[in-house]
There are 8 protein chains.
Amino acid sequence: MLDDVLEQVRSGALSVEEAKARLAAFEDLGFAKVDHQRSKRQGFPEIVYGEGKTADHIISIACALQARGSSVLVTRVDKEKAETVLRACPDYSYHEAARVLYWKKEQMPADDSQGYVAVIAAGTSDLRVAEEAAVTAEVLGSTVHRIYDVGVAGIHRLFSHLEEIQQATVSVVVAGMEGALPSVVGGLVSHPVIAVPTSVGYGAHFQGLSALLTMLNSCASGISVVNIDNGFGGGYNAALIHQLVHRGGTRI
Amino acid sequence: MLDDVLEQVRSGALSVEEAKARLAAFEDLGFAKVDHQRSKRQGFPEIVYGEGKTADHIISIACALQARGSSVLVTRVDKEKAETVLRACPDYSYHEAARVLYWKKEQMPADDSQGYVAVIAAGTSDLRVAEEAAVTAEVLGSTVHRIYDVGVAGIHRLFSHLEEIQQATVSVVVAGMEGALPSVVGGLVSHPVIAVPTSVGYGAHFQGLSALLTMLNSCASGISVVNIDNGFGGGYNAALIHQLVHRGGTRI
Amino acid sequence: MLDDVLEQVRSGALSVEEAKARLAAFEDLGFAKVDHQRSKRQGFPEIVYGEGKTADHIISIACALQARGSSVLVTRVDKEKAETVLRACPDYSYHEAARVLYWKKEQMPADDSQGYVAVIAAGTSDLRVAEEAAVTAEVLGSTVHRIYDVGVAGIHRLFSHLEEIQQATVSVVVAGMEGALPSVVGGLVSHPVIAVPTSVGYGAHFQGLSALLTMLNSCASGISVVNIDNGFGGGYNAALIHQLVHRGGTRI
Amino acid sequence: MLDDVLEQVRSGALSVEEAKARLAAFEDLGFAKVDHQRSKRQGFPEIVYGEGKTADHIISIACALQARGSSVLVTRVDKEKAETVLRACPDYSYHEAARVLYWKKEQMPADDSQGYVAVIAAGTSDLRVAEEAAVTAEVLGSTVHRIYDVGVAGIHRLFSHLEEIQQATVSVVVAGMEGALPSVVGGLVSHPVIAVPTSVGYGAHFQGLSALLTMLNSCASGISVVNIDNGFGGGYNAALIHQLVHRGGTRI
Amino acid sequence: MLDDVLEQVRSGALSVEEAKARLAAFEDLGFAKVDHQRSKRQGFPEIVYGEGKTADHIISIACALQARGSSVLVTRVDKEKAETVLRACPDYSYHEAARVLYWKKEQMPADDSQGYVAVIAAGTSDLRVAEEAAVTAEVLGSTVHRIYDVGVAGIHRLFSHLEEIQQATVSVVVAGMEGALPSVVGGLVSHPVIAVPTSVGYGAHFQGLSALLTMLNSCASGISVVNIDNGFGGGYNAALIHQLVHRGGTRI
Amino acid sequence: MLDDVLEQVRSGALSVEEAKARLAAFEDLGFAKVDHQRSKRQGFPEIVYGEGKTADHIISIACALQARGSSVLVTRVDKEKAETVLRACPDYSYHEAARVLYWKKEQMPADDSQGYVAVIAAGTSDLRVAEEAAVTAEVLGSTVHRIYDVGVAGIHRLFSHLEEIQQATVSVVVAGMEGALPSVVGGLVSHPVIAVPTSVGYGAHFQGLSALLTMLNSCASGISVVNIDNGFGGGYNAALIHQLVHRGGTRI
Amino acid sequence: MLDDVLEQVRSGALSVEEAKARLAAFEDLGFAKVDHQRSKRQGFPEIVYGEGKTADHIISIACALQARGSSVLVTRVDKEKAETVLRACPDYSYHEAARVLYWKKEQMPADDSQGYVAVIAAGTSDLRVAEEAAVTAEVLGSTVHRIYDVGVAGIHRLFSHLEEIQQATVSVVVAGMEGALPSVVGGLVSHPVIAVPTSVGYGAHFQGLSALLTMLNSCASGISVVNIDNGFGGGYNAALIHQLVHRGGTRI
Amino acid sequence: MLDDVLEQVRSGALSVEEAKARLAAFEDLGFAKVDHQRSKRQGFPEIVYGEGKTADHIISIACALQARGSSVLVTRVDKEKAETVLRACPDYSYHEAARVLYWKKEQMPADDSQGYVAVIAAGTSDLRVAEEAAVTAEVLGSTVHRIYDVGVAGIHRLFSHLEEIQQATVSVVVAGMEGALPSVVGGLVSHPVIAVPTSVGYGAHFQGLSALLTMLNSCASGISVVNIDNGFGGGYNAALIHQLVHRGGTRI
């Protein structure tokens, strides 16, 4: 493209001022193309981190993005704040357990023809984080299977879902307490596992540090880890992999 | 398959004893199919963790696996031990920087037609871990582009490789010291990033803890993390994703 | 007993001096009876912690105890030191993997009629600690079943030993890395589980801290934990419980 | 049982469909028998972790379990929530200090003929955790002796209970602050000691970490440890051992 | 000066009493001159740490200092307390985001002719700390350029301010989460960088420890670090350097 | 400059190819000018981190840089390696205590006319780190005053150097053990203090963590901190500030 | 005494029952004499830890002890609770800053003839802990000199109290933030220094851990340390030493 | 004294130069008198920290101090280095277990008439640290009673020394592992206890951190703590208190 611009300057087809504007855009593109063009190319929504933002702040961002026609995902929004936003932006949906607020231009896929993401959670106290992962992946365009309450202390519950787990394209495994579930799942599947430690635990759990260390030290090979309680990160990574896979290698 | 077995028992085609053997295999299959059939289906080699094993121990495992026709990757083998193994198993190759010993049935791909894994390293002291990641991914069947010495303290070096990085299917980013490189890369690409902290650092680095925490706390969205110095884990995860993607969603 | 002594003083059957000696013994008994009478009553050997002691030091203790007719267990003795001791005390036996040196008056039981202790280990690198537990329990008089290399990343291996594990009186579960095995075992059995974390691991494993935290945070109910690499503690606790149980509640 | 099913298929006594149903049950049994049959066989109640559950949630679980005739223990229930539950489930009992809610089919034993569990606590601030241990053991069917306020800084108080402690089948020792009590008790008894660190302490106590480390590092041999403030775990382990012992080795 | 005093005593120009008073002042000067004379010499205001002080306490200090004609900076004052102080001391100004209350005798410089301090912040949640740094530097007499929301995960935003950053005399770089921004800035400028970690983060961020370690481990050379959330310290150090520089080496 | 290039293209003074080369340089300049032009403009030498590099590696870098006429500072070089390098590069100098190898084009200043950096060390065991700081500052062109063995436990030694310390342009304060020296110095001077914690200490010193925390928590205002044992960082920051100051605000 | 009892039994002067009671008392004495006789012998009051106790609980203890004629010190009592107690026990005194409630039989000494304890505090935020130390020492019978607000960042303030500090029998030095004051004091005096770290600090202070480590690592010789915020412990230790000294070696 | 000097200047008895020299000495005295006059007044030897010093370095210091007639204590000297020093300084004595080298002008006291310091150690592995404490106290002029191998896991051994411990003027209690011994001793005596944690331990002992935390959290009142393995500090503090006491309050 640089050739083109210079050639047009040389030929007089572009003025110096016009060329400068073009090159500025070009230069910017080097770093910025990901940001500005990503959602257009891949249907990925804009992500807004809601914690610490007021309802008014969220409303103004949400409206602006919706007006641009871009899908939007707002994470970590509590119920009260969400209701205020919904009154102002009635097209948005709110998922209470996941504390996620979103607006999607297109319909979400309802079947497994493109494969699916398995979101697996150890205990009922991990559900908030697991739902954040699941809804994130759905808003990003993936089909999700939820497989909950299958912790390692009652491992037969996990095995009754074995085939469903093994058929997934990628798994997000959410666990607090001892955080051992990703290791067990990782030994049973041949697809990537994103492990999400939660801060659910008592005593020497240290707000999730114990579960985090467990997951980092897993003996199973295909496991990588995101931050404590980072359900969004788990869902985002899973959706990213899932969609790369099912577009057959076509760049998102 | 259970139907078949029972039907054959009913019809007398199978004796009770034969049926029991079949069902044992079937039951076992529930858990074990991953292990025993994974390499056959996906061409993934057997992984042997070499640290703490004697040369003799490695030789006997290596020969047995090679005899079964399965590719083999032995990690964390120092040079002296490797030379002993190579005298006994002359078909094996050794990669000194990566401390990896391997034997592959088939040729590794030499071109980028199937996409590639980018292995990116911050400093020269991170190379041992980066090479472990790169060679692991190669032995697992992926093409790898190495982009080294591009740490954030001289960020123009990273930008001179920007396009090559953005074109990869997946990146492994290896960094010690402050461990900031994955955050920067994660903000520039739209594919998954596997972050590998290294124990390279001084003073308040605490054997890699500092870099690990940095990566877990990254603001960029598509990043997940493996254990400190776990180059193998980085390469394994990257190859797993890369091959899922380039087989167009076909189950590995 | 105090009554008796005083009564005898009153009646003149004991002199004041004799009474003082008796009462001294009695008073001492309050604290000391455990120490001096425990091995006599229960056949438990004397325990000597070998680390940091010279061969000569061990020899002099070992001879003295053997002369008193009491069984002896010396832990943490490396091979070279053991060989020196064995030359001086030829009746002793040495178990190299467990680094344990011992002498037993009576024969160890060879069958399961009194139940058994299951010593379960996750990986081959945990064997040193597992053997320390197993040999400790054996020298203390328990029959032991060893079930090794059944880590959670290949959980079908564990299930092929399920019945043997469930039939044990008590289990010692030894694991490094993510340390998840005790949780899985604890969910499958209805007997007490003693969990032993090992310092086997890499990166963010922190010399066994990760495995220790995992075990303390286990969701399974009947699990208690001993110190990192404390195979002796695991075996001692298990033998203590096992023998209490199989003597039918008779005080050891 | 597998033989029987196959034989009946062979003989035509079972259809293929019927055989499949039977085998599914059988297969499930491999993992699940512990869960479904444990309480039936041993009279152990169902355990419900109450923290984070609403009163309504507890009520519905409590009723269902009571209806099945199974004893129930709900831990970590504060007073207000307990009162709501008690209005709905009037057969339940609530123990305020232990924050435990329970329903037992059968009467608890009131004498020591089957031995007893000693629950020993260092200070008055440790009582909440100690009572959780004591009530748990009682609801699980054990007789409990409470020996409180016997911390090591006034060790003569401990000694005035020495015989009562030494006669127990198993001890639960609860301590915060420096956490030294289990070491002292462990040196005075010949039965298993379950140590429970509490988060009671100030300054460099770090929410119980100090007491936890003390207990893990104890020089006394027969000690194992559960998580900080885990009174339930202490009581559960003690009752498990106590009942194994006093049923004379009969499998619970 | 000692010479002078003694000479005057010798000559009778000073009495012994007068000499003692002078020498006392002199001796005191050895330590105290910094304290009492610093603000006079350099126009630096008195610093009052407001946290934990009541409004009344602040009012009495503020009035006293203003009466002495010395500029005053009170840090960590919340809005409510500030309003009470402002009613009593109407000449003071309050900066809400920075939580800083101050009174300046002289006008603050409004242009860049003396160079400027760049205060650079990674995310919007770091603004409170960044404003504390910026206002501190301004009250201390420096011109400040604020460059906010330029975190490393969208690094093109940083580059659009590159020249402004490179032209500063000194930079204060404020970042939470992974804390990587100072490393990137440090690699792009040739002036000193004061790094301020913030406690903004989630999960394994540990109240700013993660960002602190990142900054201490930076590969870039001209970086030094102050305590977590210590915006005041960042602004103070920057103003100190800035003014030393622009007074051309004249001692402040 | 972009205007110029485009204007020349328009006028035909530059071909498209020539313009592309110019713009490439320009674009690169955005990030890279610091790196490539810094030493030219400011006389700062190239910095090479010597730890982990072989003598041969250092020789090749050292020769190349010297050939380019740029001064060179190689840190963390032990004596043996240094001697090998000195045989190959005889113009280099080696400072054994500081473990620093360097070559300077121009003479170092020998007087205080431009002010000086004070390098202050608490104990004799901190000297290695202090010398690394001092020699670094000297090679970078600053005059250095060394004030050693003035730890806070004998604070009169510090006061006998008070005036020399107060006259410095900037101080580097190096301390291990309790690390309290920077706080005391910071309260006595009105210039910036760079604090360098050392790993010198015993017991609960944790390889310098104790001294690091002390320095970060200092009550004195003008203190910033570099990593544990990072004498180079201390010297570099001090020289950077010193030279900014004494060039009277002229950009280095 | 044992001789006497037995002799009297022998002679019939004591019955067996009477002898048993005497010996029980005697045996108890072995451990208990400290507790029951200490306050009688040394005039030390009974210590009650008030935190976590209700006003009613404190009232009943306070009355009982006062009735026994023993002085009483109740620590950690907040104002509201204290007022309730004072209404019931009007002879008690309350010290609000120290949060200490006490009753003393005898007058406290008002002069320095028996020496004094110096309680030295770094900052105004450390006063609560310092007052707890000072009032504790006073209630225990020592004269106390308070020397406050003499932190190391303005060390001339400390020196203006130097002689008063050096003349004390023992010092309690209370400091938060960097915790450096005990080191400086320890280097200036030749009497024992009890260091009390406080939890006063910000950022990387970690609730007093930083100050605690500083004090443990002090280079000065005569320093020992108590727990974070443990003003009581500081005052108790100081009073204990002070009174041992000024009774001229007579056992307290 | 200042009056005198000034008066003599006034009267001409002193020249200005002479007065300056006197005042310099006087000024210095303010801080330094402790250092220079302490050993003269109290017979305390000079302390030299031997670790990290060469034999030659120690020899030159040792000779110089001996020549000045001052007693000398050199700590942390290994055997080989000590032998070299002893050849050069034959009057010195070396204590191998304590790794202490010393020379005393006067005889050490051999009886208990002045009271004694009790040095109490938990296990045989703590002896090195205990001996460092004991020999330090002896060289400083105190009589020492050694009471070793009395750990809490066999507490009757401690009680057999109860009276000897209770009669001491001050105790140093040395313990590794769980570090519980000072709490028990502290509850049995009415004199000050200096607790010394040792790095003796395994697994979750963390080089003495566990024992250190235990001691800081002790429930017993008269305990203060020195750094891990700091036997010298324990002995120094004990001797300081012991001698203050037995000189009847006369300033040392």
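Residues numbered from 1 in each chain as written. Chains lettered and ligands numbered in written order. Predicted model: local features only at pLDDT ≥ 70, side-chain atom pairs only at ≥ 80, totals over all residues. Heavy atoms only, no water.

Enquirer: Help me understand the overall build of chain A, please; the structure alone is not making it clear to me.
Expert: A count of helical and extended segments in chain A gives 10 helices and nine strands. A buried classification covers 59% of the 252 residues belonging to chain A. Considering only contacts within chain A whose residues lie at least 6 apart along the sequence, 67% involve residues at least 24 apart. Total accessible area on chain A stands at roughly 9100 Å², and carbon and sulfur atoms take up 49% of it. (Helix = DSSP H or I, 4+ residues; strand = E, 2+ residues; numbered from the N terminus. Buried < 20%, exposed > 50% of the residue type's maximum accessible area, 1.4 Å probe, protein only. Contact = heavy atoms within 4.5 Å. Areas by Shrake-Rupley, 256 points an atom, 1.4 Å probe, with all protein chains shown as cover.)

Enquirer: Would you explain the environment of Val129 of chain C in this entry?
Expert: Residue and element names in this part refer to chain C. Tracing the sequence through the fold places Val129 in helix α5 (residues 127-139). Assessed through its relative accessible area of 11%, Val129 is described here as buried. Setting aside chain neighbours within four positions, we find Val129 in contact with Val174, Val196, Thr198, Asp229 and Gly231.

Enquirer: In this structure, what is going on with the interface of chain E and chain G? I would like to understand it.
Expert: By a widespread convention, an interface's size corresponds to the accessible area lost as its parts come together. Taken together, the contact between chain E and chain G spans 10 residues of the former and five residues of the latter. Summed over the shared surface of chain E and chain G, the number is zero salt bridges. One can count two residue pairs in polar contact (both at pLDDT 80 or more) joining chain E with chain G. Sorting the residues of the side of chain E that touches chain G by element identifies α2 (16-42) and α9 (209-216) of chain E as the ones contributing at least two each. The element contributing the most residues to the side of chain E that touches chain G is α2 of chain E, with three residues. (Salt bridge = Lys/Arg side-chain N within 4 Å of Asp/Glu carboxyl O. Polar contact = N/O pair within 3.5 Å; in protein donor to acceptor, adjacent residues only side chain to side chain.)

Enquirer: I would appreciate a short explanation of the pairing of strand β8 (residues 193-197) of chain C in the present structure.
Expert: Look at any regular strand and the pattern is simple: side chains alternate between the two faces of the sheet. Residue and element names in this part refer to chain C. The buried fraction of β8 amounts to five of the five residues, a majority that puts the element mostly inside the structure. The side-chain alternation of β8 yields two buried faces, one formed by Val193, Ala195 and Pro197 and the other by Ile194 and Val196. Both strand β7 (residues 170-175) and β8 contribute to a ladder of five bridges, which runs parallel. What sits directly across from Val172, in β8, is Ile194. Crossover connection from β8 via helix α9 (residues 209-216) to parallel strand β9 (residues 223-225): handedness right-handed. (Pairing = 2+ DSSP bridges. Right-handed = clockwise from strand over helix to strand, strands pointing away.)

Enquirer: What should I look at first to understand the relation of the copies chain E and chain G in this one?
Expert: Mapping one chain copy onto the other needs a rotation about an axis and a shift along that axis. Rotating chain E by 91° and translating it 0.3 Å along the rotation axis places it on chain G, where the RMSD comes to 0.4 Å. Taken together, the rotation and translation relating the two chain copies correspond to the operation of a four-fold axis. In terms of C-alpha distance to the rotation axis, chain E has Phe206 of chain E as its closest residue, with the C-alpha 7.2 Å off the axis. (Least-squares fit on C-alpha atoms with pLDDT ≥ 70 in both.)

Enquirer: What should I look at first to understand a negative patch on the surface in this one?
Expert: A contiguous patch of negative charge, built from Glu51, Asp78, Glu80 and Glu83 of chain H, is present on the exposed surface. On the secondary structure map, Glu80 of chain H appears in helix α4 (residues 79-88). (Patch = residues over 30% accessible without salt bridge, like charges linked within 9 Å, V, L, I, M, F, W, Y side chains within 5 Å. Lys, Arg positive; Asp, Glu negative; His and termini not counted. Charge placed at Lys NZ, Arg CZ, Asp CG, Glu CD.)

Enquirer: Looking at this structure, how should I read unusual backbone geometry?
Expert: Peptide bonds are trans in most cases, and residues, glycine excluded, mostly fall at negative phi. Of note, the phi angle at Phe206 of chain B is positive, near 55°, even though the residue is not glycine. On the secondary structure map, Phe206 of chain B appears in the loop between β8 (193-197) and α9 (209-216). The partly exposed category is assigned to Phe206 of chain B, whose relative accessible area is 23%. The phi dihedral of Asp229 of chain D falls on the positive side, at around 65°, and the residue is not glycine. Within the fold, Asp229 of chain D resides in the loop between β9 (223-225) and α10 (231-246). The class for Asp229 of chain D is partly exposed, based on a relative accessible area of 21%.

Enquirer: Where do I start with the packing of helix α5 (residues 127-139) of chain E against helix α10 (residues 231-246) of chain E in this structure?
Expert: Residues and elements named next belong to chain E. As a packed pair, α5 and α10 sit with axes 7 Å apart at the nearest point and diverge in direction by 35°. Both α5 and α10 take part in a crossing whose hand is right-handed. On the side of α5, the interface is formed by Val129, Glu132, Ala133, Thr136 and Ala137, while α10 contributes Gly231, Phe232, Gly235, Tyr236 and Ala239. Its residues assigned to classes, the contact of α5 with α10 comprises six nonpolar, three polar and one charged. (Axes fitted to C-alpha atoms, helices over the stretch in contact; angles between N-to-C directions. Left-handed = near helix turned anticlockwise from the far one by under 90°. Nonpolar A, V, L, I, M, F, W, Y, C, P; charged D, E, K, R; others polar.)

Enquirer: What exactly am I supposed to notice about the sheet that holds strand β2 (residues 72-75) of chain B here?
Expert: All names here are of chain B. Taken together, the four strands give an open sheet; going across it, the order is β1-β2-β4-β3, and neighbouring strands pair in mixed fashion. Looking at the sheet topology across the chains shown, the edges are occupied by β1 (46-49) and β3 (93-95). When strand polarity is set aside, the average angle formed by the axes of neighbouring strands in this sheet is 20°. Here β1 pairs with β2 via four bridges, running parallel. Directly across from Tyr49, in β2, lies its bridge partner Thr75. Lying on the sheet, helix α4 (residues 79-88) is in contact with β3 and β4 (100-103); it crosses β3 at an angle near 170°. Packed onto the sheet, helix α5 (residues 127-139) meets β2, β3 and β4 and runs at close to 5° relative to β4.

Enquirer: I tried to follow the UniProt feature "domain: PurE" (unreviewed entry) in chain A on my own but got confused; where do I start?
Expert: As annotated in UniProt, the feature "domain: PurE" (unreviewed entry) corresponds to residues 115-247 of chain A in the numbering used here. Helix makes up 39% of residues 115-247 of chain A and strand 17%, whereas the separation of the span's terminal C-alpha atoms amounts to 11 Å. (UniProt positions renumbered as here; feature names shortened; annotations may be inferred.)

Enquirer: Would you take a moment to explain the packing of helix α9 (residues 209-216) of chain F against helix α9 (residues 209-216) of chain G for this structure?
Expert: How two helices sit against one another is set out by the angle between their axes and by the gap between those axes. Interaxial distance between α9 of chain F and α9 of chain G falls to 9 Å at its minimum, and their mutual angle equals 125°. Considering the angle they form, α9 of chain F stands oblique to α9 of chain G. Both α9 of chain F and α9 of chain G take part in a crossing whose hand is left-handed. Note on element contacts: α9 of chain G touches α9 of chain F through Ser210, Leu213 and Thr214 of chain G, opposite Ser210, Leu213 and Thr214 of chain F. Here the residues of the contact of α9 of chain F with α9 of chain G are counted per class, giving two nonpolar, four polar and no charged. (Parallel < 35°, antiparallel > 145°, perpendicular 65-115°, else oblique.)

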